Amino acid sequence: MDIKGSIAIVTGANRGMGRHFARQLLERGAAKVYAGVRRVEGVDIPGVEVVPLDITDRASVAAAAAVASDATLVVNNAGIATFANLVSGSEDAIRSEMETNYFGTLNMVRAFAPVLGSNGGGAMLNILSVLSWRSAGLGHAYSAAKAASWSLTNGARLELAAQGTQVTGLHVGGVDTDMLKDIPAVKADPADVVRAGLDGIESGALEVLADQVSKDFKAILNADPGVTYP
Ligand code: NDP
């Protein structure tokens, strides 16, 4: 799908990768960008229309879908990581990761599927993680929530194909944002990761990997019988 001329909404657009998504979409010629944010005060991204949006709150998501009823591109970027352990971590923290990363994204998919359908199909980009498909010694509860979000992405792709909606998953490795500020890891520049995701939308990719470490992603995907990934 061409980003030029698109009308996009980005969740969690006030900081981190979301802010880069909003900016780069405008740079690529999006006709309009809605910045979905939990707190609208002080959000200052030139050229975007700020929309209150908490993805875990269905009423908030429905209100945002009514405002952004002309959207042709949805970037499901908002997410949280508590890095709680499965066994020793707090159950509330573990549930909050599922609530935001899975159910929050599901709320967005359900509310915006009809919007995209009524605007010609459009596209959806879901921000996943290399931890969606492997565990890496930390954040195992986060990993489970992002695995669920990957499954949601694959299912939504099949369910929305009939209405012409392109659904792309962006699997991100370590990125230099607030989320990883206390975690020692190899970290990519968020601008580069966002560029890879937007390139993926424009090329029609189903899955995009933006990670400085992983090498085995394609092999795992291509072991999936009956599916060929570009
Ligand atoms: P940040 O922590 O920098 O930003 C997270 C953004 O999500 C913030 O804008 C935050 O808003 C928003 N957000 C959180 N919960 C909600 C909610 N319920 N409703 C609306 N917005 C919400 O993280 P990143 O930019 O690094 O993360 C972006 C995406 O990339 C996430 O999905 C994350 O899981 C994924 N990712 C990140 C990696 C990394 O290394 N950084 C690695 C792999 C994946 P607020 O300011 O109000 O808190």
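Just so you know, these numbers come straight off a predicted model, no measurement behind them. (Residues numbered from 1 in each chain as written. Predicted model: local features only at pLDDT ≥ 70, side-chain atom pairs only at ≥ 80, totals over all residues. Heavy atoms only, no water.)

### Topic: the environment of arginine 15
Move 1: If you trace the backbone, arginine 15 turns up in the loop between β1 (7–11) and α1 (16–27).
Move 2: In sequence terms arginine 15 and histidine 171 are 156 residues apart; their C-alpha atoms lie 19 Å from each other. (Helix = DSSP H or I, 4+ residues; strand = E, 2+ residues; numbered from the N terminus.)

### Thoughts on the packing of aromatic side chains
Move 1: Under the defined criterion, the tally for this structure stands at two aromatic pairs.
Move 2: Relative to tyrosine 142, the ring of phenylalanine 83 has its centre 6.3 Å away and its plane inclined at 40°; by these criteria the two rings are tilted. Here the residue phenylalanine 83 occupies a position in the loop between β4 (73–76) and α3 (91–118), and tyrosine 142 occupies one in helix α4 (residues 140–160), the gap between them amounting to 59 residues.
Move 3: Ring geometry for tyrosine 102 versus phenylalanine 103: centroids 4.9 Å apart, planes at 75°, classification edge-to-face.
Move 4: On the accessibility criterion, tyrosine 102 (22% relative accessible area) is partly exposed.
Move 5: The partly exposed category is assigned to phenylalanine 103, whose relative accessible area is 38%.
Move 6: The positively charged end of arginine 134 is found above the aromatic ring belonging to tryptophan 133, 5.6 Å away from the centroid. (Phe/Tyr/Trp six-rings, centres within 6.5 Å; stacked < 30°, edge-to-face > 60°. Buried < 20%, exposed > 50% of the residue type's maximum accessible area, 1.4 Å probe, protein only. Lys NZ or Arg CZ within 6 Å of the ring centre and 35° of its normal.)

### Quick word on the packing of helix α2 (residues 58–67) against α3
Move 1: Between α2 and α3, the shortest axis-to-axis distance is 10 Å and the interhelical angle comes to 25°. By the angle class used here, α2 and α3 are roughly parallel. When the axes of α2 and α3 are compared, the crossing they make is right-handed. Between α2 and α3, the residues in contact are Arg58, Val61, Ala64 and Ala65 and Asn107, Met108, Ala111, Phe112 and Val115, respectively.
Move 2: When the residues that make up the contact of α2 with α3 are grouped by side-chain class, the tally is seven nonpolar, one polar and one charged. (Axes fitted to C-alpha atoms, helices over the stretch in contact; angles between N-to-C directions. Parallel < 35°, antiparallel > 145°, perpendicular 65-115°, else oblique. Left-handed = near helix turned anticlockwise from the far one by under 90°. Contact = heavy atoms within 4.5 Å. Nonpolar A, V, L, I, M, F, W, Y, C, P; charged D, E, K, R; others polar.)

### Quick look at the sheet that holds β4
Move 1: Reading across the sheet, the seven strands line up as β3-β2-β1-β4-β5-β6-β7 and stay open at both edges, with parallel pairing between neighbours. Lying at the two open borders of the sheet, with one neighbouring strand each, are β3 (49–52) and β7 (207–210). On average, each strand axis in the sheet is inclined to that of its neighbour by 20°, with strand direction left out of account.
Move 2: Of the pairings in the sheet, the one linking strand β2 (residues 32–37) to β3 comprises four bridges and is parallel in character. Considered in β3, the bridge of alanine 35 is made with valine 50. (Pairing = 2+ DSSP bridges.)

### Regarding the site of the ligand
Move 1: Around the ligand sit 29 residues in total, of which Asn14, Arg15, Arg38, Tyr142 and Thr177 are the nearest.
Move 2: In the model, an oxygen atom of the ligand is placed 2.7 Å from a nitrogen or oxygen of the asparagine 14 side chain.
Move 3: Residue methionine 17 places a main-chain N or O atom 2.8 Å away from an oxygen atom belonging to the ligand.
Move 4: Here the ligand has 900 Å² of accessible area as a free molecule, and 96% of this is covered by the chains.
Move 5: Across the shell around the ligand, the residue classes break down as 12 nonpolar, 11 polar and six charged. (Near = heavy atom within 4 Å. Polar contact = N/O pair within 3.5 Å; in protein donor to acceptor, adjacent residues only side chain to side chain. Areas by Shrake-Rupley, 256 points an atom, 1.4 Å probe, with all protein chains shown as cover.)

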